[in-house]
Amino acid sequence: MADKCKRHSVSDPLSKDLVECLRESMQRELKFETPYVFVVFGASGDLAKKKIYPTLWWLFRDNLLPVNIKFVGYARSDLIVCRLRESFEKFCKVRESERCAFDDFIKKCSYVQGQYDTSDGFQKLQSSIADFQKESHDQAVNRLYYLALPPSVFNVVSTELKKNCMDNGDSWTRVIIEKPFGHDLKSSCELSTHLANLFKEDQIYRIDHYLGKEMVQNLMVMRFGNRILAPSWNRDHIASVMISFKEDFGTGGRAGYFDTAGIIRDVMQNHLMQILTLVAMEKPASLNAEDIRDEKVKVLKAAKVVELKDIVVGQYVANPEFDHPEASQGYKDDKSVPADSTTPTYALAVVHINNERWEGVPFFLRCGKALNEKKAEVRIQFKEVSGDIYPSGELKRSELVMRVQPNEAVYMKLMTKKPGMGFGVEETELDLTYHNRYKEVRLPDAYERLFLEVFMGSQINFVRTDELEYAWRILTPVLEELEKKKIQPVQYKFGSRGPTEGDDLMQKYGFLFTGTYKWVAPKL
Ligand code: NDP
Ligand code: BG6
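Per an unreviewed UniProt entry, the chain goes by Glucose-6-phosphate 1-dehydrogenase and derives from Caenorhabditis remanei. Under the heading Pathway (unreviewed entry), UniProt records this for the chain: "Carbohydrate degradation; pentose phosphate pathway; D-ribulose 5-phosphate from D-glucose 6-phosphate (oxidative stage): step 1/3." The annotation that UniProt attaches to the chain under Catalytic activity (unreviewed entry) is "D-glucose 6-phosphate + NADP(+) = 6-phospho-D-glucono-1,5-lactone + NADPH + H(+)".

Caption draft 1: Representation of the UniProt feature "domain: Glucose-6-phosphate dehydrogenase C-terminal" (unreviewed entry) in the chain within the structure. The UniProt feature table records "domain: Glucose-6-phosphate dehydrogenase C-terminal" (unreviewed entry) at residues 220-510. Counted over residues 220-510, helix gives 30% and strand 23%. Its end C-alpha atoms are 26 Å apart.

Caption draft 2: Here's a closer look at the UniProt feature "domain: Glucose-6-phosphate dehydrogenase NAD-binding" (unreviewed entry) in the chain. Here the UniProt feature "domain: Glucose-6-phosphate dehydrogenase NAD-binding" (unreviewed entry) sits at residues 39-218. Secondary structure across residues 39-218 divides into 47% helix and 17% strand, with the first and last C-alpha atoms of the span separated by 30 Å.

Caption draft 3: Geometry of the site of ligand 2. Close to ligand 2 lie K179, H209, Y210, K213, F245, E247, R254, D266, H271, K369, K374 and Q405. R254 places a side-chain nitrogen or oxygen 2.9 Å from an oxygen atom of ligand 2. Residue H271 places a side-chain N or O atom 2.7 Å away from an oxygen atom belonging to ligand 2. Starting from 400 Å² of accessible surface for ligand 2 in isolation, the protein chains cover 79%. Here the residues of the shell around ligand 2 sort into two nonpolar, three polar and seven charged.

Caption draft 4: View of the nonpolar core. Counting residues in hydrophobic clusters, the biggest one holds 156 residues, and the most contacted among them are F38, F41 and F105. No other element matches helix α10 (residues 263-280), which puts eleven residues into this core. Structurally, this core is a two-domain feature, drawing no fewer than three residues from each of domain 1 (16-178) and domain 2 (211-407 + 433-444 + 466-509). The residues contacting F41, other than those within four sequence positions of it, are Y74, F122, L125, Y145, Y146, L147, A148, L149, V157 and L161.

Caption draft 5: Molecular detail of the packing of aromatic side chains. By the definition in use, this model includes 31 aromatic pairs. With a centroid separation of 5.8 Å and 20° between ring planes, the pair formed by F41 and F122 is classed as stacked. Separated by 81 residues along the polypeptide, F41 in strand β1 (residues 36-41) and F122 in helix α5 (residues 119-135) bring together distant segments of the chain. Ring-pair connections join several aromatic residues into one group, and the members of that group are Y36, F38, Y146, W172, Y447, F451 and F455. The residue whose ring lies beneath R174 is W172, and the NZ or CZ to ring-centre distance is 3.5 Å. Residue placement shows K213 over the ring face of Y210; its charged tip is 4.5 Å from the ring centre.

Caption draft 6: Looking closely at helix α6 (residues 154-164). For α6, every residue scored as buried is listed here: F154, V157, S158, E160, L161 and N164. The buried residues of α6 occupy an angular sector of 165° when the element is viewed end-on, so they sit on one face. Packing partners of the buried residues in α6 comprise β1, α5, β4 (142-147), β5 (173-178) and α7 (185-198).

Caption draft 7: Structural detail: the pattern of salt bridges. Under the definition given, this model contains 40 salt bridges. Across the pair R442 and D62 runs a salt bridge, and its minimum N-O distance is 3.8 Å. Of the two residues, R442 is situated in the loop between α12 (434-437) and α13 (446-456) and D62 in the loop between α2 (46-61) and β2 (69-75); the sequence distance between them amounts to 380 residues. With respect to class, R442 is no different from D62; both count as buried. Here E373 makes a salt bridge to K375, at a shortest N to O gap of 3.3 Å.

Caption draft 8: Representation of the side chain of T34. Positionally, T34 belongs in the loop between α1 (16-29) and β1. Beyond its immediate sequence surroundings of up to four residues, T34 is in contact with P66, N68, Q139, A140 and N142.

Caption draft 9: Quick look at the site of ligand 1. In the vicinity of ligand 1 lie 18 residues, with R366, Y411, D431, T433 and R497 positioned nearest. One nitrogen or oxygen atom from the side chain of K246 is found 2.9 Å from an oxygen atom belonging to ligand 1. If you list the elements that add at least two residues to the shell around ligand 1, you get β11 (375-382), β13 (409-417) and β14 (425-433).

Caption draft 10: Seen up close, the environment of V141. Relative to the helices and strands, V141 is located in the loop between α5 and β4. For the pair formed by V141 and D167, sequence separation is 26 residues and the distance between their alpha carbons is 7.5 Å. The residues contacting V141, other than those within four sequence positions of it, are P35, Y36, V37, I129, F132, Q133, S171 and W172.

Caption draft 11: Inspection of the sheet that holds strand β7 (residues 238-246) at higher detail. The nine strands lie next to each other as β14-β13-β12-β11-β7-β10-β9-β8-β15, forming an open sheet whose pairing is mixed. The open sheet terminates on both sides in strands that have one partner only, identified here as β14 and β15 (490-493). Across the sheet, the mean angle separating the axes of adjacent strands is 20° when strand polarity is ignored. Here β7 pairs with strand β10 (residues 362-368) via six bridges, running parallel. By the bridge assignment for β10, I243 is matched with L365. Packing against the sheet, α10 makes contact with β7, β8 (311-317), β9 (346-352), β10 and β11, and its axis sits at approximately 145° to β10.

Caption draft 12: A look at the side chain of H271. By secondary structure assignment, the location of H271 is in helix α10. Those residues within four positions of H271 in sequence are excluded, and the remaining contacts are K179, D208, H209, Y210 and D266.

Definitions and limits used
Residues numbered from 1 in each chain as written. Chains lettered and ligands numbered in written order. Predicted model: local features only at pLDDT ≥ 70, side-chain atom pairs only at ≥ 80, totals over all residues. Heavy atoms only, no water. UniProt positions renumbered as here; feature names shortened; annotations may be inferred. Helix = DSSP H or I, 4+ residues; strand = E, 2+ residues; numbered from the N terminus. Near = heavy atom within 4 Å. Polar contact = N/O pair within 3.5 Å; in protein donor to acceptor, adjacent residues only side chain to side chain. Areas by Shrake-Rupley, 256 points an atom, 1.4 Å probe, with all protein chains shown as cover. Nonpolar A, V, L, I, M, F, W, Y, C, P; charged D, E, K, R; others polar. Core = buried A, V, L, I, M, F, W, Y, C linked by side-chain atoms within 4.5 Å. Buried < 20%, exposed > 50% of the residue type's maximum accessible area, 1.4 Å probe, protein only. Domains from an automatic or database assignment. Contact = heavy atoms within 4.5 Å. Phe/Tyr/Trp six-rings, centres within 6.5 Å; stacked < 30°, edge-to-face > 60°. Lys NZ or Arg CZ within 6 Å of the ring centre and 35° of its normal. Arc of directions from axis to C-beta. Salt bridge = Lys/Arg side-chain N within 4 Å of Asp/Glu carboxyl O. Pairing = 2+ DSSP bridges. Axes fitted to C-alpha atoms, helices over the stretch in contact; angles between N-to-C directions.

Okay, structure coming up:
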């Protein structure tokens with residue numbers, strides 16, 4: 001793809017306009033002078049160093065956090081702040097000109113060493129928050145607790161938090177939790193019940209970072225902000241919907257975790273199911289979080305449980321010919337994966353939504369690791385025109401594609417008259433590529449957006465308890481069947497498009513791939 005534009009990255013500050021606009025909306029929801037504490041449980045871990053601390057730094061650098069804030073790391077390891085800093089600094093991508101600001105950021109960081117299953121550490125944490133309150137002229141401290149922890153300690157940590165570290169009513173406490181939210185319907189409901197006994201729904205922020213991505217957030221605007229799309233967004237016009245997630249690398253160092261989960265739990269049950277709800281839901285009564293989440297739940301309720309006949313699972317094998325450092329290792333060549341593992345690294349499931357809008361329209365949820373490219377997109381394939389007057393086969397189905405990543409874009413593939421003399425037709429596109437149209441804009445990273453939303457108390461882009469339950473309902477039976485029957489995944493080569501059985505299943509449900517569309521990238 002010809003691409004001469006400078007791409008922005010998170011190491012670039014957000015534009016002044018965007019910061020001003022964000023600060024304005026934040027000021028409506030929170031007081032910048034009030035004391036806040038952001039506590040990272042699992043501060044010594046991978047997520048903390050690669051995502052959480054860097055995100056906090058970028059927000060701090062761009063003046064998007066309250067001024068009176070402290071960042072407290074909590075973990076079992078014997079650490080001090082300068083060691084913690086060493087672990088995350090390189091992921092913060094600090095520029096030379098930002099050194100002083102970064103030092104100021106570090107001055108706001110502290111560390112509490114403590115166990116997860118006893119109260120001592122939590123009491124230490126509570127007293128450090130109390131000290132902060134005193135320093136802040138006794139103003140009550142708002143608390144954000146980020147649980148970047150393995151599920152094994154989830155219950156004890158949340159219990160200890162409730163016992164020792166809550167606000168006393170003059171401020172608020174919000175708890176941010178990361179997936180996995182359970183392993184199946186039963187364990188997820190148990191976890192939800194546990195949390196519901198400790199916290200109110202408006203204190204729980206379940207992160208699905210796909211809900212923080214620009215193009216995922218754009219789905220609602222595309223659908224409900226354009227008269228032109230709304231009338232055709234249904235079974236009368238749409239032949240199928242494809243929600244696709246592809247990665248061109250394998251499980252890397254995460255195979256141990258991955259083997260207990262598999263791609264269906266890792267990506268399909270959460271990221272893809274969330275996108276499905278946004279594509280399929282009815283227009284909410286308002287932009288209020290509860291109105292939106294009510295509509296998402298309705299779609300999940302209307303979706304049928306996925307059956308074994310409607311799923312293809314795959315597992316990648318080595319392909320030394322593919323130009324990737326990991327490609328000479330198949331999934332099972334990793335030492336932490338059992339030799340007889342049937343864990344899928346690829347899955348394509350067909351979801352049927354039994355309601356007036358969608359009956360008969362297949363929703364393909366496809367996700368895979370070690371494929372030919374890194375890409376996430378939503379592809380709406382429209383039906384053929386009725387009463388075709390052109391020579392047979394010339395008109396191709398229109399498609400609307402929303403590319404979530406890389407290189408965010410919305411494009412509509414449609415027919416046009418072949419330019420010049422004559423009446424011939426050809427496939428072309430209406431193309432909205434973000435980095436062409438919005439050249440100067442550095443899009444915020446998903447975590448940046450979601451953290452700010454927690455500060456502002458907006459739960460629009462966080463998963464509600466019942467959403468989670470209904471999403472698990474759709475996939476748990478087939479997961480159980482795959483595991484009980486030890487269904488062997490189809491092998492596919494590292495760097496391929498995945499098993500051809502996936503394409504066959506889509507074709508069976510009417511997805512049409514002609515291979516005739518040719519993209520000509522514009523010269524910039
Ligand atoms: P295509 O018609 O080439 O592909 C359509 C769909 O069919 C995709 O889901 C594709 O990828 C899948 N497919 C590919 N081969 C097969 C097969 N053998 N059997 C079944 N399905 C198949 O159109 P695209 O929309 O993918 O566009 C082609 C290229 O043009 C892309 O690289 C796209 O990014 C680029 N483009 C870029 C734009 C921009 O940057 N703004 C705008 C328009 C196009 P798969 O299943 O492998 O994921
Ligand atoms: C995570 C999955 O939720 O999402 C990973 O656990 C996956 O397996 C990742 O790689 C993809 O996120 P992104 O933002 O890089 O597309």
